[in-house]
Amino acid sequence: MPWDDWLTITETLEDQLYLEIQARMILEMKDPEYLQDLAINYQRQNWEKDEVIKNYITKIEKLKT
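Residues numbered from 1 in each chain as written. Predicted model: local features only at pLDDT ≥ 70, side-chain atom pairs only at ≥ 80, totals over all residues. Heavy atoms only, no water.

**Considerations on the overall build of the protein**
The cut-off we apply is this: Helix numbering and strand numbering both begin at the N terminus, where a helix is a DSSP run of H or I of at least 4 residues and a strand a DSSP run of E of at least 2. Only C-alpha atoms enter the radius of gyration; for comparison, a globular chain is expected to reach 2.2 Å times N to the power 0.38, where N is the number of residues. Whether a residue is buried, partly exposed or exposed follows from its accessible area with a 1.4 Å probe, protein chains only, as a fraction of its type maximum: under 20%, in between, or over 50%, in that order.
Across its full length, the protein carries two helices and zero strands. Against the 2.2 N^0.38 benchmark of 11 Å for 65 residues, the protein shows a C-alpha radius of gyration of 17 Å, more extended than a compact globule. By its C-alpha atoms, the protein is 50 × 30 × 10 Å across when sized along the principal axes. Counting every position in the protein, which comprises 65 residues, the buried fraction comes to 2%.

**Thoughts on the pattern of salt bridges**
Where charged atoms from two side chains of opposite charge come close, those side chains can pair. Filter applied, for reference: Put simply, a salt bridge is a Lys or Arg side-chain nitrogen that is within 4 Å of an Asp or Glu carboxyl oxygen.
According to the stated counting rule, one finds four salt bridges in the structure shown. Here Lys 54 and Glu 51 are joined by a salt bridge, their closest N and O atoms 3.0 Å apart. Here Lys 54 and its partner Glu 51 are both found in helix α2 (residues 32-64), three residues apart, which amounts to about one turn of the helix. Accessibility expressed as a relative area gives 24% for Glu 51, which makes it partly exposed.

**Description of α2**
Owing to its 3.6 residues per turn, the α-helix aligns residues three or four sequence positions apart on the same side. What counts here: Multiply 1.5 Å by the residue count of a helix minus one, and that product is the helix's expected span. The definition of a polar contact used here is a pair of N or O atoms within 3.5 Å, where within protein one atom must be able to donate a hydrogen and the other to accept one, and adjacent residues in sequence count solely through side-chain atom pairs.
Its 33 residues place the ends of α2 48 Å apart at the C-alpha level, agreeing with the 48 Å of an ideal helix rising 1.5 Å per residue. With a side-chain oxygen positioned 3.2 Å from the backbone nitrogen of Glu 33, the residue opening α2 is Asp 31.

**Some details on a nonpolar patch on the surface**
The line we're drawing: Candidate patch residues must exceed 30% relative accessible area and have no salt bridge, after which like charges are joined if within 9 Å and Val, Leu, Ile, Met, Phe, Trp or Tyr side chains if within 5 Å. Here the Shrake-Rupley method, with its probe set to 1.4 Å, supplies the accessible areas, and only the displayed protein chains count as covering residues.
A surface patch of nonpolar side chains, amounting to about 470 Å² of accessible area, comprises Trp 3, Trp 6 and Leu 7. Locating Trp 6 in the fold gives a position in the segment before α1 (13-28). Owing to a relative accessible area of 63%, Trp 6 belongs among the exposed residues under this scheme.

**Quick look at the environment of Gln 22**
Relative to the elements of secondary structure, Gln 22 occurs in helix α1. Between the alpha carbons of Gln 22 and Tyr 56 there is a distance of 28 Å; along the sequence they are 34 residues apart.

Spelled out as structure tokens, the structure:
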């Protein structure tokens, strides 16, 4: 088992369908202010996720030493 197996994302059919539904819902939205709010919230969530991942990696490195 390669060391980076945990990095591989396995997308199920259900995952693909869920993502497609979400994408179509966004495409159907017509309110520009709502779309701006949605984009801002997604950006914040993405930044927070990145920070959590950085913290996990730092913690793992500390535990390894």
